[in-house]
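Descriptive structure summary
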Amino acid sequence: MITQAPRSTAIAPSDTYSMRLDLLVGFTVCTEQGPVELPGAAQRLLAFLALQERPRERLFVAGSLWTDANDERAGASLRSTLWRIGKAAGSIVSARGTGLALAETVRVDLHDATTCARRVIANPHDHSMADLQLLGLAGDLLPDWYDDWVLLERERFRHLRLHALEALCAALAEQGRYGEATEAGLAAVAGEPLRESAHRVLIAAHLAEGNPSEAIRQYRLCRRLLGDQLGIAPSERMQQLVAHLPADG
């Protein structure tokens with residue numbers, strides 16, 4: 001089982017990063033001195049910038065975050081929020097001309113997890129235990145936030161992470177590393193209990209290790225969840241996976 005490592009309250013000085021922004025599981029900003037408390041508007045602005053692939057124009061940022069205000073009021077709210085962020089967290093935002101972005105010295109946990117997941121999906125046999133730890137612990141993006149721009153990005157990352165965990169589970173089982181394969185499979189199932197593909201790779205890992213009883217138990221759980229929650233039966237592909245096992249009841 002993957003255990004949650006405690007987050008440090010400060011980050012060590014680095015040639016590359018001097019601040020950290022955590023968006024997975026919850027919102028946290030840390031500087032070299034420790035955590036920084038920010039009001040809600042400041043948190044939303046930093047999170048919004050972290051989810052952009054490039055610097056964004058001030059008008060676009062203001063209009064996206066203060067949707068109920070006219071351009072003048074939205075711009076004023078943006079300027080006020082930037083001032084508060086600068087006072088509390090220094091140069092965490094890079095402002096060049098009319099463009100805004102996170103400073104290059106900010107490390108974002110979502111970016112690390114996204115890079116890891118894409119690399120694992122591209123080549124699941126080229127991985128490390130650190131990849132399994134990172135993806136297993138990643139959790140949802142800002143789970144208590146309901147802005148449209150958060151919901152869309154949360155769903156994108158959720159699917160990316162689950163695909164990576166499934167790929168890891170299959171690759172680890174193929175290499176005979178069954179304990180780690182089970183970890184990855186269980187993390188995928190926990191991430192989405194109604195996702196049949198996550199159950200399938202976990203069942204396949206149990207079978208590869210020679211644990212038919214565990215495979216049957218997982219199949220029964222999957223069948224019950226799909227039946228109770230969605231009113232459907234496991235797919236033919238799933239049934240073929242366990243067809244050679246004793247009657248599952």
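Residues numbered from 1 in each chain as written. Predicted model: local features only at pLDDT ≥ 70, side-chain atom pairs only at ≥ 80, totals over all residues. Heavy atoms only, no water.

Let us now look at the packing of aromatic side chains. One pass over the structure, following the stated rule, counts four aromatic pairs. Arranged with centres 6.0 Å apart and planes meeting at 40 degrees, the rings of F48 and F60 form a pair that is tilted. Note that F48 is positioned in helix 1 (residues 40-50) and F60 in helix 2 (residues 58-65), a separation of 12 residues in sequence. Classification of F60 as partly exposed rests on a relative accessible area of 36%. (Phe/Tyr/Trp six-rings, centres within 6.5 Å; stacked < 30°, edge-to-face > 60°. Helix = DSSP H or I, 4+ residues; strand = E, 2+ residues; numbered from the N terminus. Buried < 20%, exposed > 50% of the residue type's maximum accessible area, 1.4 Å probe, protein only.)

Attention now moves to the packing of helix 4 (residues 109-122) against helix 6 (residues 148-174). It is at 9 Å that the axes of helix 4 and helix 6 come closest, and there the two elements cross at 45 degrees. Viewed along their axes, helix 4 and helix 6 adopt a mutual orientation that is oblique. Crossing of helix 4 against helix 6: the hand is left-handed. Here L110, A113, T114, A117, R118, V120 and I121 of helix 4 lie close against helix 6, whose contacting residues are R156, F157, L160, H163, A164, A167 and L168. For the contact of helix 4 with helix 6, the class distribution of residues is 10 nonpolar, two polar and two charged. (Axes fitted to C-alpha atoms, helices over the stretch in contact; angles between N-to-C directions. Parallel < 35°, antiparallel > 145°, perpendicular 65-115°, else oblique. Left-handed = near helix turned anticlockwise from the far one by under 90°. Contact = heavy atoms within 4.5 Å. Nonpolar A, V, L, I, M, F, W, Y, C, P; charged D, E, K, R; others polar.)

With that out of the way, let us pick up helix 9 (residues 212-230). Note on helix geometry: an α-helix contains 3.6 residues per turn, so any two residues three or four positions apart are oriented the same way. Its 19 residues give helix 9 an end-to-end C-alpha distance of 26 Å, which sits within 8% of 27 Å, the value for a rise of 1.5 Å per residue. Within the sequence span of helix 9, burial applies to A215, I216, Q218, Y219, C222 and L226. Seen along its axis, helix 9 keeps its buried residues to an arc of 165 degrees; they face one direction. Opposite its buried face, helix 9 presents the exposed residues D228 and Q229, each directed more than 90 degrees away. Where helix 9 ends, the next residue or the one after it, G231, has phi of about 70 degrees, a positive value. (Expected span 1.5 Å × (residues − 1). Arc of directions from axis to C-beta.)

This brings us to unusual backbone geometry. In the Ramachandran plot, V25 falls in the positive-phi region, its phi being about 80 degrees despite a non-glycine side chain. Locating V25 in the fold gives a position in the loop between strand 1 (19-22) and strand 2 (28-31).

The next thing to look at is the side chain of H127. Along the chain, H127 falls in the loop between helix 4 and helix 5 (129-137). A distance of 3.3 Å separates the side chain of H127 from the side chain of R177, its partner in a polar contact. Each residue touching H127, except ones within four places of it in the same chain, is listed here: L168, A171, L172, Q175 and R177. (Polar contact = N/O pair within 3.5 Å; in protein donor to acceptor, adjacent residues only side chain to side chain.)

Let's shift gears to the state of the cysteines. Taken as a whole and judged by the stated rule, the model has zero disulfides. Looking at the unpaired C116, the closest cysteine sulfur is the one in C169, lying at 15 Å. The exposure class assigned to C169 is buried, which follows from its relative accessible area of 1%. (Disulfide = S-S within 2.5 Å.)

In this section: the pattern of salt bridges. Taken as a whole and judged by the stated rule, the model has 11 salt bridges. Note that D147 is salt-bridged to R44, the shortest N-O span being 3.1 Å. Of this pair, D147 sits in the loop between helix 5 and helix 6 while R44 sits in helix 1, and the two are 103 residues apart along the sequence. For E180, the salt bridge identified is with R177, shortest N-O distance 2.7 Å. Look at R177 and you get partly exposed, because its relative accessible area is 29%. (Salt bridge = Lys/Arg side-chain N within 4 Å of Asp/Glu carboxyl O.)

The next thing to look at is the confidence of the model for the chain. For the chain, per-residue confidence averages 92 on the pLDDT scale, and residues scoring 70 or more make up 93% of the total. Contacts from residues 1-14, a stretch scored under 50 in pLDDT, to residues over four places away or in other chains number 34 contacts. (pLDDT = per-residue confidence, 0-100.)

By the element assignment, D131 lies in helix 5. Engagement of the side chain of D131 in a polar contact is seen with the backbone nitrogen of S128, the distance being 3.0 Å. Excluding residues within four positions of it along the chain, D131 makes contact with C116, R119, V120, D126 and L168.

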